[in-house]
Structures are given as structure tokens and as C-alpha cells.
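Topology and contacts: notes
In case you want the letters, here they are:
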Protein chains: 2
Amino acid sequence: METKFSNKLSDIRLHYKIWMSDDQETGIMGDGKWQMLKLIEEKGSMKAACDELGYTYRRTWGNLKKIEQFFGFPLLDKTRGGTDGGHTVLTEEGKRLVKAFDAFHNTVDDQIQLGFERFIQELKK
Amino acid sequence: METKFSNKLSDIRLHYKIWMSDDQETGIMGDGKWQMLKLIEEKGSMKAACDELGYTYRRTWGNLKKIEQFFGFPLLDKTRGGTDGGHTVLTEEGKRLVKAFDAFHNTVDDQIQLGFERFIQELKK
DNA sequence: TACCGATATGCACCGAACGACCTATCCAAA
DNA sequence: TTTGGATAGGTCGTTCGGTGCATATCGGTA
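Note that this is a predicted model, so its numbers are computed, not measured.

Our focus in this paragraph is the pairing of strand 4 (residues 86-90) of chain A. Residue and element names in this part refer to chain A. Residues Gly86, Thr88 and Leu90 point to one face of strand 4 and are all buried, whereas His87 and Val89, pointing to the other face, are not buried. As defined by bridge partners, strand 3 (residues 76-80) adjoins strand 4 across 5 bridges and the pair is classed as antiparallel. Residue pairing for strand 4: Arg80 is matched across the bridge by Gly86. The antiparallel hairpin formed by strand 3 and strand 4 contains 5 residues in its connecting segment, where Gly81 sits at a positive phi of about 95°.

So this is what it looks like as C-alpha cells:
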């Protein structure tokens, strides 16, 4: 089918953000923090994770602090000092949080993509 | 089950935004614009829709212009003048766009909510 | 015990988004 | 032909999060 929309549809990009907040609307978990936590676990270091994702250390540190303040217990096991300067890994709770968010994304990602494809198809009709 | 997370889980709120952009990352369709287009059709007026949603007319006008510029044809049928000052309704294409986005949300909303509930359940374990 | 590199934190600055404000324009109905 | 209310569009200041830069602190290892 050919509609007025047709020639533009291939230029449309889909975006979405999913996040969770406390009742003050302070973001306590979202795609950025999720990705960061995963990479910290992988790298064993906040700094290394920040460098790879291109976030500033300053910003990341503040964001992660918000999460811990909300939950009231640490998600990160942070160590300072040593020749290597220090390192950071996830606590058991941190790992559980990441894992739960993994499952969450697994549930929704495909559906959103599917919905988007249907959206495009619908405009082609 | 009782975990460290338990006493905070009821305070967590879910948020999500889904939108589409052109390749310049200019937003061409999203929840805000979608809601606005629907309300314009219902009210027959941009101003009335803005007042109800609490958006400024200025902002809305600029946003809607972006969409039309991207597609290259009007989504809104705007009339100025007359005792009532003017009115705005959707063109056929505007209606189709809104309808496609309606269907899109129908596809994903329930899934996201379901995923969130599972997320909470997972942390309770 | 001196060192090194990461964690920890304050602060001034910057830019984009948005709000507030203003003015111009249009035209059917009175 | 006057008018009222909505559309059309420029501008400027503010807000808010992020960036950049600073400095302090920590403690295994050489």
C-alpha cells in the first residue's frame, strides 16, 4: 500500500525509557543506572565503568548514591586504597536488583519492538 | 517472603516514556504529543486542549509544528478568525497517526505493567 | 612508610528545555 | 466595519541537570 506516510516511515526511530522512582519522583532505577550497575560488576570498578559508558564519575556517583539512600542499605561494596586505588562490586542485594531488572526488560523489550513494527505497518495501509 | 527490599517496594513507582524521532533525534511523536492530538480532536481547539492539559500554547504549537515538518504534510486542519477565534481539528492523516499510536500503546501498556509486577515479586522472594 | 590510583564530595559554570510575556494576524458574525 | 478569541511566532529570563574542576581520603603493595 502507498499512503502519505510511506516515504517517511523508514526514517522513524523508536526510543523508550523505563524507570522507577520514589514518591518524590527521584529516580531510583532506570536504564542508565541498570546498565551502570551491570558494568560495574563486570569491571569491578566504578571508574572503569564510567569511562566505558562515557558518563562522568561525578554524575554516576551521585546517581548511585540516590538508589542506596532510597533502599537504606548498600547495593555496592566499595573499597578504597591499595595500589590499584580501590574497586567496587555489587552486594548480594545489588545483584538481585540488577537481575530483577534484567527479567523486567526481557519481558517488555520484545513487546515494545513488536508494537512499533505494527505501528509502522498500520501507517503503511 | 521477607527480604531487605520488602519494606520499600510499595513506595516504588513505575514510569515510562515511549517516543519516536527522526534521525536528528528530534521528537516527532510521543506520549505528550499523542495525548495532545487526541484532545485537540475532542475539543476542536488547540487552546482548549492546552488549557486542559496544563501545557502552554507556545510550547504545544512548537511541538506540533515539528511533527508536521517531519512528515511534510499537515496533521492539523487549522482555521483562524471568526467570532470564536478559530478552531483546529485533525486531518485524515492526523487521525490515522493517532489511531496507530493508540494501537501501539494497547500492545505495550499491559506488558509493561505486568513486567513491573513481576519485578516487584522477584524482589520479594 | 611512601606511593598511586580509585573512591568521595563540594562548587562554579554551562546549555537546553521550558515558561512567561508580548505582539501580530486572521476572519465569521454581529 | 468593528470586534473577539484563537492561531502564529519572536524573545528573553529562569530553572535544572550535567560537566568540569577542584580537593580530600583511603590503604594494599612495593
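There is more to say after this.
Turning next to the protein's contact with DNA strand C. Looking at DNA strand C, there are 24 residues lining it, with Met46, Tyr57 and Trp61 of chain A together with Gly82 and Thr83 of chain B nearest. Here a phosphate oxygen of DNA strand C and a backbone polar atom of Lys47 of chain A are 3.0 Å apart. One of the backbone nitrogen or oxygen atoms of Gly86 of chain A is found 3.5 Å away from a sugar or linking oxygen of DNA strand C. At the level of elements, helix 2 (46-53), helix 3 (57-71), strand 3 and strand 4 of chain A together with helix 3 (57-71) of chain B are the ones that each hand at least two residues to the surface near DNA strand C. Among the elements that take part in the surface near DNA strand C, helix 3 of chain A stands out by supplying 4 residues, more than any other.

The next point concerns the sheet that holds strand 1 (residues 13-21) of chain A. The 4 strands are arranged 2(A)-1(A)-1(B)-2(B) in an open sheet whose pairing can be described as antiparallel. In the strand order of this sheet, the two ends are held by strand 2 (27-30) of chain A together with strand 2 (27-30) of chain B, each with one partner. Sheet twist, expressed as the mean angle between neighbouring strand axes with direction ignored, is 35°. Of the strands in this sheet, strand 1 and strand 2 of chain A are in contact with helix 1 (residues 31-43) of chain A, which crosses strand 2 of chain A at around 65°. Seen against the sheet, helix 1 (residues 31-43) of chain B touches strand 1 (13-21) and strand 2 of chain B and runs at an angle of roughly 65° to strand 2 of chain B.

Taken together, the neighbourhood of DNA strand D is formed by 24 residues, with Gly82 of chain A together with Met46, Tyr57, Trp61 and Gly82 of chain B sitting nearest. What you see for DNA strand D is that sugar and phosphate hold 65% of its atoms within 4 Å of the protein. Taking Met46 of chain B, its main chain carries an N or O atom lying 2.6 Å from a phosphate oxygen of DNA strand D. In this structure, Arg58 of chain B approaches DNA strand D through a side-chain N or O atom, which is 2.8 Å from a base oxygen. Breaking the surface near DNA strand D down by element, the ones donating at least two residues are helix 3 of chain A together with helix 2 (46-53), helix 3, strand 3 (76-80) and strand 4 (86-90) of chain B. The greatest single-element share of the surface near DNA strand D, amounting to 4 residues, is contributed by helix 3 of chain B.

Rules and cut-offs
- Residues numbered from 1 in each chain as written.
- Chains lettered and ligands numbered in written order.
- Predicted model: local features only at pLDDT ≥ 70, side-chain atom pairs only at ≥ 80, totals over all residues.
- Heavy atoms only, no water.
- Buried < 20%, exposed > 50% of the residue type's maximum accessible area, 1.4 Å probe, protein only.
- Helix = DSSP H or I, 4+ residues; strand = E, 2+ residues; numbered from the N terminus.
- Pairing = 2+ DSSP bridges.
- Near = heavy atom within 4 Å.
- Polar contact = N/O pair within 3.5 Å; in protein donor to acceptor, adjacent residues only side chain to side chain.
- Axes fitted to C-alpha atoms, helices over the stretch in contact; angles between N-to-C directions.
- Contact = heavy atoms within 4.5 Å.

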